[in-house]
Amino acid sequence: MTFPLAVIDAVKATVKTHASRPFIVGYRFSPEEVENPGISIEDSLLFADGLAKQGLDYLHVSSNQFWGGSLRDASDRTSRAVRIQEVVGQRIPVVGVGSLHTPDEVLNAFNSGVPLLALGRELVVEPQWVSKLQADEISQIRTTLRETDQEALEIPDGLWQMILHIPGWFPVVK
Ligand SMILES: Cc1cc2nc3c(=O)[nH]c(=O)nc-3n(C[C@H](O)[C@H](O)[C@H](O)COP(=O)(O)O)c2cc1C
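Since the model is a prediction, treat every value here as computed from it, not as a measurement. (Residues numbered from 1 in each chain as written. Predicted model: local features only at pLDDT ≥ 70, side-chain atom pairs only at ≥ 80, totals over all residues.)

(A) Up close: the site of the ligand. The environment of the ligand is formed by 13 residues, the closest being S62, G98, S99, G120 and R121. Tallying contributions element by element places helix α5 (residues 121-125) first for the shell around the ligand, with 3 residues. For the shell around the ligand, a count of residues per class yields 4 nonpolar, 7 polar and 2 charged. If you count residues domain by domain, the shell around the ligand takes at least three from each of domain 1 (1-118) and domain 2 (121-174). (Near = placed C-beta within 6 Å. Helix = DSSP H or I, 4+ residues; strand = E, 2+ residues; numbered from the N terminus. Nonpolar A, V, L, I, M, F, W, Y, C, P; charged D, E, K, R; others polar. Domains from an automatic or database assignment.)

(B) Region of interest: the pairing of strand β3 (residues 94-97). Summarising the sheet, strand β2 (residues 58-61) and β3 pair through 2 bridges and their orientation is parallel. Considered in β3, the bridge of L59 is made with V94. Each parallel crossover has a hand, and the one from β2 via helix α3 (residues 80-88) to β3 is right-handed. As paired elements, β3 and strand β4 (residues 116-118) share 3 bridges and run parallel to each other. Paired with G96 across the strands is L117, a residue of β4. What joins β3 to β4 is helix α4 (residues 103-110), and the crossover it makes is right-handed. (Pairing = 2+ DSSP bridges. Right-handed = clockwise from strand over helix to strand, strands pointing away.)

(C) Layout of the domain arrangement of the protein chain. In terms of domains, the protein chain is made up of domain 1 (1-118) and domain 2 (121-174). Computed from C-alpha atoms alone, the centre-to-centre distance between domain 1 and domain 2 is 26 Å.

(D) The arrangement of unusual backbone geometry in detail. Going from N36 to P37, the amide bond is cis rather than trans, its omega being 10°. By secondary structure assignment, the location of P37 is in the loop between β1 (26-29) and α2 (41-52). The backbone phi angle of D136 is positive, close to 60°, even though this residue is not glycine. With respect to the secondary-structure elements, D136 resides in the loop between α6 (129-134) and β5 (145-146). By the C-beta count within 10 Å, which is 8 here, D136 ends up exposed. In this structure, E154 takes a positive phi of about 55° despite not being glycine. Note on placement: E154 falls in the loop between α7 (150-153) and α8 (157-165). (Buried ≥ 20, exposed ≤ 12 C-beta atoms within 10 Å, placed from the backbone.)

(E) Structural detail: the pairing of β1. With 4 bridges connecting them, β1 and β2 associate as parallel partners. Bridged to Y27 within β2 is L59.

Below is the structure:
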């Protein structure tokens, strides 16, 4: 934990020196690595408890599956974000993310008690995801990409090539 805590101290000192208006600082981390030795959920729960004492504005649990369980232990099916939320309680807001594609899936994830949720690929596919939900235009939320959509969505070439060529990453349809 020593290194990340030193990084946090340095970031906070930089904000104090340079920020002329409120500037939030959060910490995003991957809660588990499949390799052994590697980061285990037990390590991350201890780490999250330590992070909760640092006066940060949020913790963000990086994941491809909000509801995904352990990468190492098939019997542990509890969401990693939910386990971290349980450890930090009300001390710091937790952000969850991962394969929450529809407004219903997002609502369901909010019921887990994790107070903030992020969207990744969904916002690449539909930059107006949030405003369409707010405007009650859920049926207008784009959920797939066509191979001709790059320009309209202003997706840079490098990312676009990855989107087209990494199987199953984005919902690309012919
Ligand atoms: C273009 C792109 C870049 C990403 N870069 C990172 C990254 O640098 N670090 C990381 O932990 N996750 C990264 N992610 C993963 C996302 O932050 C997120 O955890 C993941 O896409 C699952 O959320 P989603 O289903 O809403 O896309 C990236 C995702 C995308 C689509």
